[in-house]
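Here are the chains, one letter per residue:
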Amino acid sequence: MTKTRRLSLVAAAAALFMTAACASQGPSNDATNNSEVQEVGPGGEITIAATSPITDWNPISANGDTTGQRQQQWPLYPHPFVTMPDTSVVVNEALLESADVVESDPMTVEYVLQDGVQWSDGTPIGVDDFVYTQAVQDPSKCADCLAAFTEGYSDIDSIEADDDGKTITMVYGEPFAEWRSLFNYILPAHIADGYGDLATSFNEGFSTNVPEFSGGPYIIEDYTDGISMTMVPNPNWYGEGPNLETITTRYITGQGEQLTALQSGEVQLVYATPTVDTMEQAQQMPNMTIQTGSTLTYYHLGMKTTGDVMSDEALRSAIATALDLGDMRERTIGQFAPDVPQMQSSVYVPGQQIGGEEAYQDNMTDLGIGAGDVDAAVAILEDAGYSITDDQLIQPDGTPLRDLSFLTLGTDVLRMELAQIAQQQLLDIGITINIDAADGARYSPALRDGDFDIMATGTALDLGPLSIQQWYGTDAPRSFGYSNEEADRLMEAAAAELDPAAQVELMNELDRVLMSDGVVLPLFGTPMMAVYPNTHGNIFINPSKYGVTMNIEEWGLLVEPATS
């Protein structure tokens, strides 16, 4: 696939998925919108604003697999697949000629490498790298490896290469539908050899050392902890591009401060979840391109299904019925991203495709969830023996319902707003909410430990059934106590289902089970905003959790149109 052809595909996909077209600000803006191929030239540089520095240099470790660290390190590694702006997943043709399931029993996947793919030191990328990357994410081979995910990797029975090393064949002991999501960052086995055994190399070698290697379009030239990271083109990059001579990441915590740095020219790209204030700030800047788009990560509320009061299905059902999720959307993202729709599903975002199948369905409306129907909620409570006296919900045993705790991330303006709106709405059925605004250090542990009654969070749906299983499977890694045998059955079946249409049907059935239990209440896809000068092109909102840097080798300075 030629570079021009690939850009055409990306741009066309962007036109389908973007919720707002490219917004041009200022009289001298010549940038094209996302429906057109943008011609860029070699040379130039860009500085990206990032919220957090890298604290773990292993992007597939439990501590390294965070949004910021994934996106910053994407340009350093080989990736078999990339996600397009329309959510479709395609082979990365810089690395692979093809990747296919060639047998179904046992499930056998064949990767065919492009000629000449190599690491920055000239070592070929090959089967040893796949073998190492699988082993460190398979507990049966490395129980002490602190990997972010093990699902799928532990199903692989063998990895072998043909005589010339070009074709790599993997045989699975069990079918694994999301096989394309594996090996998203391939680690270099020859570098690992210098770090020690599997656990030492994975947990210490790759986690603590700033990479001096690269298998992607860029390599790190300099890293100053907490200040900046500078990347330059990988001299042994095997794909087309890259165009820009320098990519610098500057660490600036606040979005407002990032936009101020953009205005002053200290940075040239801000990529963040917008707010009303930051969108207005961006729109005041001349000669900028502003993109907004939805992603595969979505905001949702959730409820505990265990404990002294939340184990009562009637109480959860009443809360889910009384909450007006559409009102939450209108009062938050509706103010700055009005085209991002209200989600009626917790397993797919609007427009999501699975193997060419339209996956998204409205599974919420028929359940009466999130409609803000106070009368219906009160009826549910009264049928279960509750009553409301002096605006206080009284339990069937005659005692007042205790105040409920709403866990949210205090540094996330949007999540705080959602908590405050929920607090107002639930007063209508006599429930008092105390907002627990946790900092970044406490939020995730509290979420996993189930230290809440209601919570607001985000979930990335990049991994299909696995994205859901992590949260809602019995004893799952991120489970906060939810358990439902039917949900477990559907998740297991969906994870093993290779037919896209059948998998979509199973996932939508699962969706109805989860929402009926009140364990998840979907809100909307996470909006993202990219703001950059009109001089730069081919920067797109990417819906995956790997973010904007997914096509970084195609970024560049726009070519000036010829003058007559």
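Scroll up a little and you will see the structure.
Residues numbered from 1 in each chain as written. Predicted model: local features only at pLDDT ≥ 70, side-chain atom pairs only at ≥ 80, totals over all residues. Heavy atoms only, no water.

Novice: With reference to specific residues and values, describe the pattern of salt bridges.
Specialist: For the structure shown, the criterion picks out 12 salt bridges. Salt-bridge contacts for Asp327 lead to Arg331; the nearest nitrogen and oxygen are separated by 3.0 Å. With a gap of 4 residues between them, Asp327 and Arg331 both fall in helix H9 (residues 325-331), about one helical turn apart. Note on Arg331: relative accessible area 39%, which makes it partly exposed. Arg402 is the partner of Asp453 in a salt bridge, and the nearest nitrogen-oxygen pair spans 2.9 Å. (Salt bridge = Lys/Arg side-chain N within 4 Å of Asp/Glu carboxyl O. Helix = DSSP H or I, 4+ residues; strand = E, 2+ residues; numbered from the N terminus. Buried < 20%, exposed > 50% of the residue type's maximum accessible area, 1.4 Å probe, protein only.)

Novice: Before we move on, can you summarise the sheet that holds strand S8 (residues 156-161) with the specific residues and values?
Specialist: Here 4 strands make up an open sheet; going across it, the order is S6-S7-S9-S8 and the pairing antiparallel. The sheet is open, and its two borders are formed by strand S6 (96-104) and S8, each paired with just one other strand. Neighbour to neighbour, the strand axes of the sheet diverge by 15° on average, direction disregarded. Each of strand S7 (107-113), S8 and strand S9 (167-172) is contacted by helix H3 (residues 127-135), which is oriented at about 165° to S8, the strand it contacts most. (Pairing = 2+ DSSP bridges. Axes fitted to C-alpha atoms, helices over the stretch in contact; angles between N-to-C directions. Contact = heavy atoms within 4.5 Å.)

Novice: I'd like to hear about the sheet that holds strand S20 (residues 404-409), residue by residue, with values.
Specialist: Pairing within the open sheet is mixed, and its 5 strands lie in the order S21-S20-S22-S15-S23. At either end of the open sheet lies a strand with only one pairing partner, and these are strand S21 (433-438) and strand S23 (521-525). Adjacent strand axes in the sheet meet at a mean angle of 30°, parallel and antiparallel pairs treated alike. Bridging between S20 and S21 involves 6 bridges; their strand directions are parallel. Residue pairing for S21: Leu409 is matched across the bridge by Ala438. Together, strand S15 (297-303), S20, strand S22 (454-460) and S23 form the strand contacts of helix H8 (residues 313-322), whose direction differs from that of S15 by roughly 135°. Here helix H12 (residues 440-449) sits on the sheet in contact with S20, S21 and S22, set at roughly 130° to S20.

Novice: So what's going on with the nonpolar core? Residues and values would help.
Specialist: Judged by nonpolar contacts, the single largest core of 91 residues is most densely connected at Leu315, Ile319, Ile431 and Tyr472. With 7 residues, helix H15 (residues 500-517) is the largest single contributor of residues to this core. Among all residues touching Leu315, those that are not within four sequence positions of it are Val309, Met310, Leu381, Tyr386, Leu393, Leu401 and Ile431. If you look at the next biggest cluster of nonpolar residues, it comprises 73 residues, including Ile46, Trp74, Val82 and Ile186. (Core = buried A, V, L, I, M, F, W, Y, C linked by side-chain atoms within 4.5 Å.)

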